[in-house]
Amino acid sequence: MPNFSFGKEMQLHVMEIKANQPFNTPAEFEETMQKAVNTLNAIVEKHGAMLLGTGMHPILNLRDTAIWPHYHKKIYQQYGKIFNLNQHGWLNIQSFHLNLPYQREVDAIQIHNHLANLCAYLPAVAASSPIYEGKVGEDTDNRLQFYKINQKEIPSISADVVPEYISSFNQYKQNIIGKYSYDLAKLGAEKALLQKEWVNSRGVILRFDRCAIEVRVMDEQECIKSDVAMACFVRSALKGLIASEAELLPHDLLVQDFNEIIKYGLSAKTQNPHGRTAQQVCRYLFKIATENADNDEKEYLWLAKRRVEEGNLSQIIRTRVMERSKKTSMHEAILDVYLRLIKCLQNNEPYI
């Protein structure tokens, strides 16, 4: 039996690759998930298709896709009764979800709250969604910009995306899960969406079903190696923040920085005491990561450092497309760059 499986996402054109069990090492993560990419690519190639990563499809027109009409159909129908699913925030976003395990409640609370501080700055290095509908978007991380508003009818589901601090499982279940379940029920939602932990659309959520905390703010998906690098960066920085009992910054400050970073990426101005720009804050976080990384994690951190110093994938794609468009049409420029990214995913090679 393989150590991976495939899942069907809500969007007709999106597939999910997931691990069947936690990985013991980053190298096992890379090897297993690359096998999954190779397996799925072999399947879709028979139908004249190819896998494309990144946070948004760059030329998809919403009329050319739809909601998956089979498995989980009842859940999607429930969402459709309340939200307008015919928008990019539902039909054209995909992201790298990282699950970090916990053993005790006290550990989960600590991890969650430090991840709240960390997740506000992760889009600065993990954004990969500069283009949609054949045009360069206004933001560095267009996926998150659409994600922020896709459930605006019920603000309690995603809140500010940067999660609030929590003090216990009971408080989380009552104040977060209970609140959005109550709001959903008021608008006619049925059992399929009520009291479900996965409905929570904040950037960090508790997954009680697997004793893990899920990080949802990273686009990436350039290639498996890059996602492993992001995972190593998050894990090792988190270890350092917890070990040093780092200060938990005011939630409003984190939200303000997060929104600036979605817009401006590494050049965003920040209120964080460790840097006046997102790049300076990420350098501080990378230093912590380097000091606390295991040896097998350090083998991947060079990729995270390149993101910090040379720009996130979103900025790199935008630059390459704009340069190419000087010699050809914008559509051809986008195709040229994203065909390279398809090869990066196939070959597990970062886009350089």
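**Describing the environment of Glu-349**
Turning to its location among the elements, Glu-349 is positioned in the segment after helix H14 (330–347). A residue is classified by how much of its surface remains accessible, and Glu-349, at 45% relative accessible area, is partly exposed. Between the C-alpha atoms of Glu-349 and Met-50, which are 299 residues apart in sequence, the distance is 16 Å. Each residue touching Glu-349, except ones within four places of it in the same chain, is listed here: Cys-223 and Cys-344.

**What to know about the side chain of Arg-216**
Mapped onto the fold, Arg-216 is located in strand S7 (residues 212–218). Classification of Arg-216 by relative accessible area gives buried; the value is 10%. A polar contact is formed between the side chain of Arg-216 and the backbone oxygen of Asn-200, at a distance of 2.8 Å. Sequence-distant contacts of Arg-216, defined by excluding residues within four places in its chain, comprise Ser-95, His-97, Arg-143, Tyr-147, Trp-198, Asn-200, Ser-201, Arg-202, Gly-203, Ile-205 and Arg-207.

**Brief notes about the sheet that holds strand S6 (residues 204–207)**
Taken in spatial order, the three strands make up an open sheet running S3-S7-S6, and their pairing is antiparallel. The open sheet terminates on both sides in strands that have one partner only, identified here as strand S3 (96–101) and S6. Ignoring strand direction, the axes of neighbouring strands in this sheet form an average angle of 25°. Direction of pairing for S3 relative to S7: antiparallel, over a ladder of five bridges. Each bridged residue has a counterpart across the sheet, and for Pro-101 the counterpart in S7 is Ala-212.

Cut-off values and rules
- Residues numbered from 1 in each chain as written.
- Predicted model: local features only at pLDDT ≥ 70, side-chain atom pairs only at ≥ 80, totals over all residues.
- Heavy atoms only, no water.
- Helix = DSSP H or I, 4+ residues; strand = E, 2+ residues; numbered from the N terminus.
- Buried < 20%, exposed > 50% of the residue type's maximum accessible area, 1.4 Å probe, protein only.
- Contact = heavy atoms within 4.5 Å.
- Polar contact = N/O pair within 3.5 Å; in protein donor to acceptor, adjacent residues only side chain to side chain.
- Pairing = 2+ DSSP bridges.
- Axes fitted to C-alpha atoms, helices over the stretch in contact; angles between N-to-C directions.

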